[in-house]
Amino acid sequence: MAMDLLIKLGIFVLGVCGFFVAKHIRDHKVKDKPLVCMIGFDCHAVVHSDYSKFMGMPVELGGMIYYGLTALVYLVLAVAPGLISDGLAGVFMALTCAAFLFSVYLIFIQIFILRKGCSWCIVSSIISGAMFVLNFSFWIF
């Protein structure tokens, strides 16, 4: 039982972190301020590329929505588990898997198509991957 709570809180914390990383990207993009990468990549070129939108929505806005909703759901699961149905929790497991695969796709785009990197995007992908692993372990334990 304690492991369940730690996993839920871990996903919540990662979701909050992911939200703020995506918000940081969004704030710079909307204000058209240069997005400085932490390790010398070209974040500005990546976040303004043709691949910065998915189905017409800016990727970072989708990330903010995903991370924010996921953090909220797992916070509720941690403090009041009876409020979230197993079905909705299952939907978020599938959503977390899809988000992780989408993150892998975006890293692939950076490496093989754009040939430019964005350290903020990589951090977001790492957060997404960690959330997937924790979410998967939540269903295992």
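Please read these numbers as outputs of a predicted model, since none were measured by experiment.

J.: Explanation requested: the overall build of the chain in the structure shown.
T.: Each helix and strand in the chain was counted, giving five helices and two strands. Ordered by position from N to C terminus, the α and β elements of the chain give α-α-β-β-α-α-α. What you see for the chain is a C-alpha radius of gyration of 16 Å, in line with the 14 Å of a compact globule of 141 residues. Judged by the C-alpha coordinates and their principal axes, the chain covers about 45 × 30 × 30 Å. Across the 141 residues of the chain, 40% fall into the buried class. Sequence-distant contacts, at least 24 apart, represent 75% of the contacts inside the chain between residues at least 6 apart. Per element, the accessible surface of the chain, about 7,900 Å² overall, is 75% carbon and sulfur. Each charge class in the chain was averaged separately, 9 positive and 7 negative side chains, and the resulting centres sit 6 Å apart.

J.: Please clarify how a nonpolar patch on the surface should be interpreted in this entry.
T.: Together, Tyr-51, Tyr-105, Phe-108, Ile-111, Phe-112 and Ile-113 make up a nonpolar patch on the protein surface, roughly 590 Å² of accessible area in all. According to the relative accessible area criterion, Phe-108 is partly exposed, its value standing at 44%.

J.: Would you explain the state of the cysteines in this entry?
T.: In protein structure, a disulfide is the covalent linkage between the sulfur atoms of two cysteines. Under the defined criterion, the tally for this structure stands at one disulfide. Each sulfur of the disulfide joining Cys-37 and Cys-43 lies 1.6 Å from the other. Looking along the S-S bond of the Cys-37-Cys-43 disulfide, the torsion reads about 120°, which is the right-handed sense. Cys-37 sits in the buried class, given a relative accessible area of 11%.

J.: When you look at the pattern of salt bridges in this model, what are you seeing that I'm missing?
T.: Pairing between side chains of opposite charge can happen when the charged atoms of each approach one another. Evaluated as defined, the whole model comprises four salt bridges. With a closest N to O distance of 3.0 Å, Arg-26 and Glu-60 form a salt bridge. Within this pair, whereas Arg-26 is found in helix α1 (residues 2-30), its partner Glu-60 is found in helix α3 (residues 59-79), the two being separated by 34 residues in sequence. For Glu-60, a relative accessible area of 6% translates into the label buried.

J.: Please clarify how the packing of aromatic side chains should be interpreted in this entry.
T.: For any pair of aromatic rings, the description consists of the separation of the ring centres together with the inter-plane angle of the planes. Within the structure shown, the criterion is met by seven aromatic pairs. A ring pair is formed by Tyr-66 and Tyr-67, whose centres lie 5.2 Å apart and whose planes are at 50°; its orientation type is tilted. This pair shows no difference in class: Tyr-66 is buried, exactly as Tyr-67 is. Taking 4.9 Å as the distance between ring centres and 45° as the angle between the ring planes, the aromatic pair formed by Phe-108 and Phe-112 counts as tilted. Here Phe-108 and its partner Phe-112 are both found in helix α4 (residues 86-114), four residues apart, which amounts to about one turn of the helix.

Calculation notes
Residues numbered from 1 in each chain as written. Predicted model: local features only at pLDDT ≥ 70, side-chain atom pairs only at ≥ 80, totals over all residues. Heavy atoms only, no water. Helix = DSSP H or I, 4+ residues; strand = E, 2+ residues; numbered from the N terminus. Rg over C-alpha atoms; globule rule 2.2 N^0.38 Å. Buried < 20%, exposed > 50% of the residue type's maximum accessible area, 1.4 Å probe, protein only. Contact = heavy atoms within 4.5 Å. Areas by Shrake-Rupley, 256 points an atom, 1.4 Å probe, with all protein chains shown as cover. Lys, Arg positive; Asp, Glu negative; His and termini not counted. Charge placed at Lys NZ, Arg CZ, Asp CG, Glu CD. Patch = residues over 30% accessible without salt bridge, like charges linked within 9 Å, V, L, I, M, F, W, Y side chains within 5 Å. Salt bridge = Lys/Arg side-chain N within 4 Å of Asp/Glu carboxyl O. Disulfide = S-S within 2.5 Å. Phe/Tyr/Trp six-rings, centres within 6.5 Å; stacked < 30°, edge-to-face > 60°.

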